[in-house]
Amino acid sequence: MTGDIAETKQCQLKDPMDLFHSGQVVKICAPMVRYSKLSFRTLVRKYSCDLCYTPMIVAADFVRSAKARDSEFTTNKVGDHPLIVQFAAKEAQVLCDAARIIYPFADGIDLNCGCPQRWAMAEGYGACLINKPELVQDMVRHVRNQIDNPRFSVSIKIRIHEDLKKTVDLCQKAEATGVSWITVHGRSVEERHQPVHYDAIKIIKQSMSIPVVANGDMKTLKDAENVHHLTGADGVMVARGLLANPAMFAGYEETPLKCIRDWVDIALEHGTPFTCFHHHLMYMMERITSKQEKKVFNVLSSTSAVLDYLNDHYGV
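Residues numbered from 1 in each chain as written. Predicted model: local features only at pLDDT ≥ 70, side-chain atom pairs only at ≥ 80, totals over all residues. Heavy atoms only, no water.

Let's talk about the overall build of the protein chain
- In terms of helices and strands, the protein chain carries 15 helices and nine strands.
- Computed over C-alpha atoms, the radius of gyration of the protein chain comes to 19 Å, within 12% of the 20 Å expected from 2.2 N^0.38 for 316 residues, which places it in the range of a compact globule.
- Its C-alpha atoms put the protein chain at 55 × 45 × 40 Å along the principal axes.
- Every one of the 316 residues in the protein chain was classed for burial, and the buried ones make up 54%.
- Taking as baseline every contact in the protein chain between residues at least 6 positions apart, the subset at least 24 positions apart corresponds to 69%.
- Carbon and sulfur atoms make up 51% of the accessible area of the protein chain, which amounts to about 14,000 Å² in all.
- Taken as two groups, the 37 positive and 37 negative side-chain charges of the protein chain have centres that lie 2 Å from each other. (Helix = DSSP H or I, 4+ residues; strand = E, 2+ residues; numbered from the N terminus. Rg over C-alpha atoms; globule rule 2.2 N^0.38 Å. Buried < 20%, exposed > 50% of the residue type's maximum accessible area, 1.4 Å probe, protein only. Contact = heavy atoms within 4.5 Å. Areas by Shrake-Rupley, 256 points an atom, 1.4 Å probe, with all protein chains shown as cover. Lys, Arg positive; Asp, Glu negative; His and termini not counted. Charge placed at Lys NZ, Arg CZ, Asp CG, Glu CD.)

This is the structure in structure tokens:
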């Protein structure tokens, strides 16, 4: 975890709720395993992304192990705000303990109630929590009681039930306990690539008085604007669309070369591991390279080889 406690006085913490009160649709980078780390967050913030989440962190490991804290969470004092740290948790006190550790460095926490992966569900994390509204309430209430700062946000990210009444009930219970906003991925736990139920997000939004963020299948700024109009959501959260085009929120249809150049600079400055550096480029260049070029580029195995390739083919 970068920055020690003594330095946090200069941390430029921000109130994420200010974004929701701005009257603009809040543009959010989703929590993505391996990908939404500091270097990528730095990149998307250059291209009109308002709010970033860390990848999901298992709260129990984070509390227990300094090694986990150092590898899972990095930030910096100035540019990486507002920042939401997303936790997987199933016990109120464990979530509180994790929240208190990151409190000096971040602007809020998010409880993951949407991850459909088998391992997470088996451990009692993620999407199985949508069937435990009292437990979700308990976790939110604990954090609210133990972190005595109304500007520190506590949000949840959910999937929907087949029976939407259950989802509305969950959301209203969470709201009553002091949740700052709710992000809704408009699919059920079983659904993977089926169309997103934007109508469900609209119904949830109409049932709440706190902000609701829509998540699922937005590839362009136009998509995000359409989803906002369809659902009335206060914010849009994007995952794969931003991986493919980190400049999406700034209105670019595909990744501009300037963005690729920015990524190279940021990744080198941050000491981003090669695999991560390379994978991001593979995503970013997906739409702008031919099959033949991909065959060559995707098997490059060193930073210098990648830099040479970008220089030779794109003048980057």
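Quick notes on the pairing of strand β5 (residues 108-113)
- Summarising burial for β5: six of the six residues are buried, a large majority.
- Going residue by residue along β5, you find G108, D110 and N112 tucked away on one face and I109, L111 and C113 tucked away on the opposite face as well.
- Bridging between strand β4 (residues 83-88) and β5 involves four bridges; their strand directions are parallel. Paired with F87 across the two strands is L111, which belongs to β5.
- In the classification by handedness, the crossover that spans β4, the intervening helix α5 (residues 92-102) and the parallel β5 is right-handed.
- In this sheet, strand β6 (residues 153-159) lies alongside β5 in parallel orientation, the contact comprising six bridges. What sits directly across from D110, in β6, is S155. (Pairing = 2+ DSSP bridges. Right-handed = clockwise from strand over helix to strand, strands pointing away.)

Section: the domain arrangement of the protein chain
- Considered domain by domain, the protein chain is made up of domain 1 (16-250) and domain 2 (257-314).
- If you average the C-alpha positions of domain 1 and of domain 2, the two centres end up 29 Å apart.
- Taken together, the contact pairs 15 residues of domain 1 with 13 residues of domain 2.
- Taken together, both faces of the contact between domain 1 and domain 2 bury some 1,300 Å²; the carbon and sulfur share is 65%.
- Counting the surface domain 1 buries against domain 2, the share from its top three residues, Y35, S39 and L43, is 37%.
- Remark: the boundary between domain 1 and domain 2 carries zero salt bridges.
- There are five residue pairs in polar contact (both at pLDDT 80 or more) connecting domain 1 and domain 2.
- Per-element tally for the side of domain 1 that touches domain 2: the top contributor is helix α2 (residues 38-45), with five residues.
- Considering only residue class, the side of domain 1 that touches domain 2 consists of nine nonpolar, three polar and three charged. (Domains from an automatic or database assignment. Buried area = accessible area lost by both parts, 1.4 Å probe. Salt bridge = Lys/Arg side-chain N within 4 Å of Asp/Glu carboxyl O. Polar contact = N/O pair within 3.5 Å; in protein donor to acceptor, adjacent residues only side chain to side chain. Nonpolar A, V, L, I, M, F, W, Y, C, P; charged D, E, K, R; others polar.)

Details of the UniProt feature "binding site: FMN" (unreviewed entry) in the protein chain
- Following the UniProt record, one finds the feature "binding site: FMN" (unreviewed entry) at P31, M32, V33, Q86, H185, A239 and R240. For the largest pocket, the lining residues drawn from the annotated set are P31, M32, V33, Q86, H185, A239 and R240.
- Counting through the fold element by element, P31 comes out in the loop between β1 (26-29) and α2.
- By relative accessible area, P31 is classed as buried at 17%.
- Those residues in contact with P31 that sit more than four places away from it in its chain are S36, Y53, T54, P55, M56, Q86, K157 and M237.
- Along the chain, R240 falls in helix α11 (residues 240-244).
- Among all residues touching R240, those that are not within four sequence positions of it are M32 and D217. (UniProt positions renumbered as here; feature names shortened; annotations may be inferred. 1 Å grid on protein atoms, 1.4 Å probe; cavity = no way out; pocket = protein on both sides within 12 Å on 5 of 7 lines; lining within 4 Å.)

Concerning the pattern of salt bridges
- Applying the stated rule across the entire model yields 10 salt bridges.
- Between D217 and R187 there is a salt bridge; the shortest N-O distance is 2.7 Å. Of this pair, D217 sits in the loop between β8 (212-215) and α10 (221-231) while R187 sits in the loop between β7 (182-185) and α9 (198-206), and the two are 30 residues apart along the sequence.
- Relative accessible area serves as the criterion here: at 32%, D217 is assigned to the partly exposed category.
- Classification of R187 as buried rests on a relative accessible area of 2%.
- A salt bridge links D262 to K258, with the nearest nitrogen and oxygen atoms 3.1 Å apart. Of this pair, D262 and K258 both sit in helix α12 (residues 257-270), four residues apart, which is roughly one turn of that helix.
- On the basis of relative accessible area, D262 is assigned to the buried category, the value being 11%.
- The network of salt bridges with common partners includes R41, R45 and D80.

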